[in-house]
Every structure is written in structure tokens, then in C-alpha cells.
Number of protein chains: 2
Amino acid sequence: MTDSPRRAPVTRAGATPAGRRRLRRALAAAAVDLFVAKGYEATTVDEIAAAAGVGRRTFFRYFDAKDDVLFANHDEIVAEMEETFAGADPEREPVEMACAAVSLVLESYAAELDVSLKRFTLTRTVPSLRDKEVATVDRYQRVLARYLRARFAEQGDETASLRADVAAAAIAAANNHVLRRWLRSGGQDDITASAAEAFALVIDAFRVERASVEETTVVAVMTTATPLHAVIAKVNAALNEK
Amino acid sequence: MTDSPRRAPVTRAGATPAGRRRLRRALAAAAVDLFVAKGYEATTVDEIAAAAGVGRRTFFRYFDAKDDVLFANHDEIVAEMEETFAGADPEREPVEMACAAVSLVLESYAAELDVSLKRFTLTRTVPSLRDKEVATVDRYQRVLARYLRARFAEQGDETASLRADVAAAAIAAANNHVLRRWLRSGGQDDITASAAEAFALVIDAFRVERASVEETTVVAVMTTATPLHAVIAKVNAALNEK
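Residues numbered from 1 in each chain as written. Chains lettered and ligands numbered in written order. Predicted model: local features only at pLDDT ≥ 70, side-chain atom pairs only at ≥ 80, totals over all residues. Heavy atoms only, no water.

S.K.: Mind laying out the overall build of chain A, listing which residues take part and the relevant values?
M.R.: Counting its secondary structure elements, chain A contains 10 helices and zero strands. For chain A, long-range pairs separated by at least 24 residues make up 69% of all intrachain contacts whose partners lie at least 6 apart in sequence. For chain A, the exposed surface amounts to about 11800 Å²; the carbon and sulfur share of it is 52%. (Helix = DSSP H or I, 4+ residues; strand = E, 2+ residues; numbered from the N terminus. Contact = heavy atoms within 4.5 Å. Areas by Shrake-Rupley, 256 points an atom, 1.4 Å probe, with all protein chains shown as cover.)

S.K.: Provide a residue-level description of the nonpolar core, including the pertinent values.
M.R.: In terms of nonpolar packing, the biggest core is built from 146 residues, with Phe206 of chain A together with Phe206 of chain B touching the most fellow members. If we skip the residues at most four places from it in the chain, phenylalanine 206 of chain B touches Leu201, Ala205 and Phe206 of chain A together with Val95, Arg163, Val166, Ala167 and Ala170 of chain B. (Core = buried A, V, L, I, M, F, W, Y, C linked by side-chain atoms within 4.5 Å. Buried < 20%, exposed > 50% of the residue type's maximum accessible area, 1.4 Å probe, protein only.)

S.K.: Account for the UniProt feature "DNA-binding region" (unreviewed entry) in chain A, with residues named and values stated.
M.R.: Listed under "DNA-binding region" (unreviewed entry) in the UniProt record, and renumbered for this structure, are residues 44–63 of chain A. Counting secondary structure, residues 44–63 of chain A comes out at 70% helix and 0% strand; the distance between its end C-alpha atoms is 13 Å. (UniProt positions renumbered as here; feature names shortened; annotations may be inferred.)

S.K.: Go over helix H1 (residues 17–38) of chain A with me, naming the residues and quoting the values.
M.R.: An α-helix turns once per 3.6 residues; consequently, residues spaced three or four apart project the same way. Residues and elements named next belong to chain A. Spanning 22 residues, H1 covers 31 Å between terminal C-alpha atoms, matching the ideal 32 Å at 1.5 Å per step. Of the positions making up H1, those classed as buried are Gly19, Leu23, Arg24, Ala26, Leu27, Ala28, Ala29, Ala30, Ala31, Val32, Leu34 and Phe35. Taken together, the buried residues of H1 touch helix H2 (45–51), helix H3 (56–62), helix H4 (74–86) and helix H6 (113–125). (Expected span 1.5 Å × (residues − 1).)

S.K.: Pulling in residues and values, what's your account of the relation of the copies chain B and chain A?
M.R.: Overlaying chain B on chain A yields an RMSD of 0.0 Å, the required transformation being a rotation through 180° with an accompanying axial translation of 0.0 Å. Taken together, these values place the two copies in the relation of a two-fold axis. When the interface residues of chain B are mapped onto chain A, 100% of them again lie at the interface, so the same face is used by both copies. (Least-squares fit on C-alpha atoms with pLDDT ≥ 70 in both.)

S.K.: Describe helix H9 (residues 191–206) of chain A, with residues and values.
M.R.: All names here are of chain A. Here H9 spans 23 Å end to end across 16 residues, near enough to the 22 Å set by a 1.5 Å rise per residue. In terms of burial, H9 is a largely internal element, 13 of the 16 residues being buried. Of the residues that open H9, the one with a side-chain oxygen 3.1 Å from the backbone nitrogen of threonine 192 is aspartate 190. (Polar contact = N/O pair within 3.5 Å; in protein donor to acceptor, adjacent residues only side chain to side chain.)

S.K.: I'd like to hear about the interface of chain B and chain A, residue by residue, with values.
M.R.: Contacts between the two partners involve 29 residues from chain B, matched on the other side by 29 residues from chain A. For the pair chain B and chain A, the two sides together bury roughly 2300 Å², of which 65% comes from carbon and sulfur. Applying the counting criterion to the chain B and chain A interface returns four salt bridges. We note a salt bridge from arginine 180 of chain A to aspartate 165 of chain B, for which the minimum N-O separation is 3.1 Å. Our count for the chain B to chain A interface comes out at six residue pairs in polar contact (both at pLDDT 80 or more). When residues of the side of chain B that touches chain A are traced back to their parent elements, those giving at least two are helix H7 (127–154), helix H8 (160–184) and helix H9 (191–205) of chain B. It is H8 of chain B that provides the largest number of residues to the side of chain B that touches chain A, a total of 11 residues. (Buried area = accessible area lost by both parts, 1.4 Å probe. Salt bridge = Lys/Arg side-chain N within 4 Å of Asp/Glu carboxyl O.)

S.K.: An account of the packing of helix H5 (residues 94–111) of chain B against H8 of chain B is needed here, citing residue identities and associated values.
M.R.: Residues and elements named next belong to chain B. Between H5 and H8, the shortest axis-to-axis distance is 10 Å and the interhelical angle comes to 30°. The orientation of H5 relative to H8 falls into the category roughly parallel. Pair H5 / H8 crosses with right-handed handedness. On the side of H5, the interface is formed by Val95, Ala98, Cys99, Val102, Val105, Leu106, Tyr109 and Ala110, while H8 contributes Ile171, Asn175, Val178, Leu179, Trp182 and Leu183. Looking at the contact of H5 with H8 residue by residue, the class counts come to 13 nonpolar, one polar and no charged. (Axes fitted to C-alpha atoms, helices over the stretch in contact; angles between N-to-C directions. Parallel < 35°, antiparallel > 145°, perpendicular 65-115°, else oblique. Left-handed = near helix turned anticlockwise from the far one by under 90°. Nonpolar A, V, L, I, M, F, W, Y, C, P; charged D, E, K, R; others polar.)

Structural data, given as C-alpha cells:
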């Protein structure tokens with residue numbers, strides 16, 4: 001194997017959960033590189049597996065099909081989002097909580113700039129991958145809607161189901177807007193600042209006691225190293241100060 | 001042909017725009033019936049064409065592929081939406097105008113209850129058709145966003161692009177919520193009343209001068225025969241009265 005340009009084999013690591021995550025990422029990275037280099041249609045599963053130093057069978061232990069590999073960590077993100085909701089402070093404003101949870105998507109993109117940029121190129125040029133991406137957004141949007149529906153219903157909102165669907169779509173759209181802007185800038189844009197602005201717009205639009213809020217200017221001071229969820233919490237706290 | 005259960009041939013009608021529309025609808029209705037009766041995968045283009053009394057070649061003059069036929073009138077709806085925006089009163093509140101335009105989708109579903117219900121069953125059971133539907137929503141959502149972006153920018157909104165994406169997603173989600181609720185009721189629900197409620201929620205959320213609005217109860221009186229766009233205009237006028 002020493003004369004091969006393959007990535008180091010990571011098969012053994014598949015035994016532990018962290019190892020499984022690493023292998024999924026290695027397969028995803030190998031796939032993205034091949035899709036960009038050879039074209040999506042022309043790349044085979046065998047080639048992806050070989051480039052990650054594993055066999056075809058191992059590939060299919062991790063993914064159902066070639067088009068699944070591009071959104072390799074989507075299941076993890078959805079699971080994390082559900083955990084975030086399960087452990088959420090019941091006193092926290094629901095839309096703000098949902099924005100904090102969806103920022104996990106932004107964080108995962110930001111953590112892998114190279115893969116994210118290549119995937120962005122692919123989804124803009126390969127219609128079936130674009131459809132796949134739309135489907136992944138639809139999936140986490142439903143997780144957001146489910147959380148919001150339960151919380152709005154607790155608050156006695158008779159239009160809980162409608163409001164939850166609309167707010168979840170608005171949050172997903174805000175998130176996608178920020179993501180696309182950041183990707184178009186080649187990862188140069190300040191994603192934290194755009195996310196804070198976008199989520200503040202949504203939180204403000206769907207604030208339940210909106211009608212009683214007087215318009216004032218709010219100032220929130222933070223460093224660029226502040227994690228997104230902390231930024232959102234801070235901006236919202238500032239908006240709620242009377 | 002008299003001993004065949006086929007629909008009356010409508011090939012000749014293809015010569016005029018109205019005839020072309022009728023033939024598209026005939027192909028769509030034939031396809032939906034076959035998909036429900038035989039299953040989507042098992043139905044061939046030849047069978048759809050034959051059931052509408054035309055040949056395979058005629059089918060491909062109207063549709064690129066089998067999965068396009070289910071959303072036969074989508075192009076027409078998008079074109080009508082764009083015309084509506086082109087002729088829109090520039091004084092009209094942009095989000096309200098976008099809600100009125102999207103209600104064209106509801107009206108087209110309501111006008112063909114039988115096809116709409118069968119399609120609803122199909123999109124819930126065939127994943128590729130569900131994806132196709134998500135893609136059609138994505139398409140008209142982009143038309144809404146484009147209109148809103150231009151109008152918000154005219155109003156000097158520096159966040160026009162963000163606000164337009166978020167509002168367009170919210171409008172599409174409200175529309176889908178109403179549509180699904182109505183389809184689940186087998187077309188029994190009062191679609192006009194649900195649409196008025198749903199669009200009022202969105203218009204209220206994205207009203208630009210929202211912060212200065214005091215909370216009061218509004219009453220709008222109308223008959224069930226009132227078209228959706230008139231209901232929306234009326235509810236919005238009532239909400240804007242001080």
C-alpha cells in the first residue's frame with residue numbers, strides 16, 4: 001500500500017463510535033474530492049471506498065447510496081438537535097431556542113470549510129444533489145416544527161401547529177441565507193454576525209408578546225469567538241430588556 | 001376505438017393554447033389514475049399516453065419525464081404568479097401581495113379536488129414524488145423571494161435579501177399548512193377561512209411598521225364565496241385600521 005496515493009486506512013477505527021464518525025468523515029471527504037475532480041456521475045462507490053482505504057462493503061455499512069455520502073454528518077446534526085431540545089430550559093423563548101439548535105448546522109459547516117465549499121459547488125451544479133440538500137433541510141425543519149408545536153401548544157396557542165410550521169420554515173430559511181452568503185464569500189464572511197442578525201429577525205417576527213414591545217435600539221457586545229448559540233441568547237436577552 | 005375504455009382523444013385540441021392546457025390536464029388526470037391503480041413505478045409513459053388517447057410522442061411534447069406529469073399545471077401557476085407580480089399595485093403591502101399570489105396554488109388545488117387528493121396520497125407514499133413536490137414548492141418560493149427582495153429594497157430595507165428569503169419561506173409554509181390540512185379533511189375543510197388565518201399570521205409577522213401596532217381585535221365580515229385574494233386584502237385592511 002505504500003506506493004498508493006490512498007488515504008491511510010481507517011477500517012479498524014470503525015469499532016468505536018468516535019472511530020465510526022471518523023470513517024464516515026473520511027468517506028465523505030474522499031467522495032467530495034472525487035466528485036469535484038471526476039464529476040458526480042462518473043464517480044463510483046468502489047472508487048470512493050478505495051480512496052478512503054476501505055472496501056465497497058464497508059462503504060455500504062455507512063451509507064445506503066452514493067448520494068447519501070455528501071450529507072454524511074446530517075444524521076449526527078439532527079440527533080444533536082433533538083438532544084438540544086430534550087435538554088432545553090422550558091423557560092427559554094421557543095423560537096430563540098430553535099434558532100440556537102439550528103445554528104448547529106452552521107457550526108458543522110464552518111468546522112469543515114473545505115468540504116463545505118466543495119459541496120456548495122456540487123449542489124449548485126448537480127440537480128440530484130441539490131434535491132438531496134433540499135430534502136435534508138426539509139428533514140431538520142420538521143424537527144424544529146415538532147419542538148415549536150409542543151411549546152406553542154403549552155403556551156395555550158390555538159394556532160400552535162400553523163405557527164410552528166411557519167416559524168420553522170422561517171428559521172430554516174434564515175439559516176440557509178446565512179450559510180449561502182458565507183459560502184459565496186469563500187468562508188471569509190463573519191458567519192457569527194450574519195447569523196445573529198438573521199436569527200434576531202426571525203425571533204422578532206415570531207415573538208408572542210410582539211405587540212407590546214416598544215421600538216428601541218439594543219446593543220450587544222461580544223467577541224468574534226463567541227459561539228453562535230451564546231450570541232443568539234445575548235441578542236435575545238438584549239431585545240427583551242425593557 | 002369504441003370498445004376501449006380510453007378517454008376521448010384530445011390530440012386535435014393541442015393546436016390552441018386552451019387545447020394544449022386541456023391535453024396537459026387530460027394526461028395528468030390519466031397518469032394520476034394509473035399511478036393510484038397500478039403503482040407509480042409500474043406505470044409506463046405508453047400507458048399514460050394511451051389512457052389519454054394520444055401517442056407516446058405527444059406525451060413527450062408536453063412533459064420531459066413521467067415524474068413531471070404529476071405537477072402538470074405547476075408551470076402555469078408560476079407564470080400566473082409572475083404576471084400577478086408584474087401587474088401589482090406598487091402601493092400594496094408586499095407580504096400581503098405575495099400571499100395573494102401564492103393563493104393561486106390553493107385555488108388550483110381546490111379546482112381539481114379529485115386529482116389533488118390522489119396526488120396527496122401519491123406524494124405521501126412515493127419518496128421520489130415527495131421530492132418532486134418539495135422541488136416545486138422551492139421553485140415558487142424563489143419567485144416570491146425575488147418579488148419581495150425588490151419591494152423591500154425599494155423601501156430602503158438594508159436587510160431586504162434576508163427578509164425576503166425568510167418571508168417567502170414563511171408564506172410557502174403557511175400555504176402548505178393550509179393545503180395539507182384541507183387535503184387531510186378530504187377537501188371538506190373551509191380552505192378560504194384557513195388561508196385567511198394563515199396569511200394573516202405571516203402578514204402580521206413581517207409587517208414593517210409592526211412595532212407601532214397596538215393590539216386590538218379586528219372583525220372582517222365576508223361570505224364563503226369570497227375569493228382568497230379578496231379575503232386576504234380585507235383582513236389586511238382591517239388589521240391596518242387604527
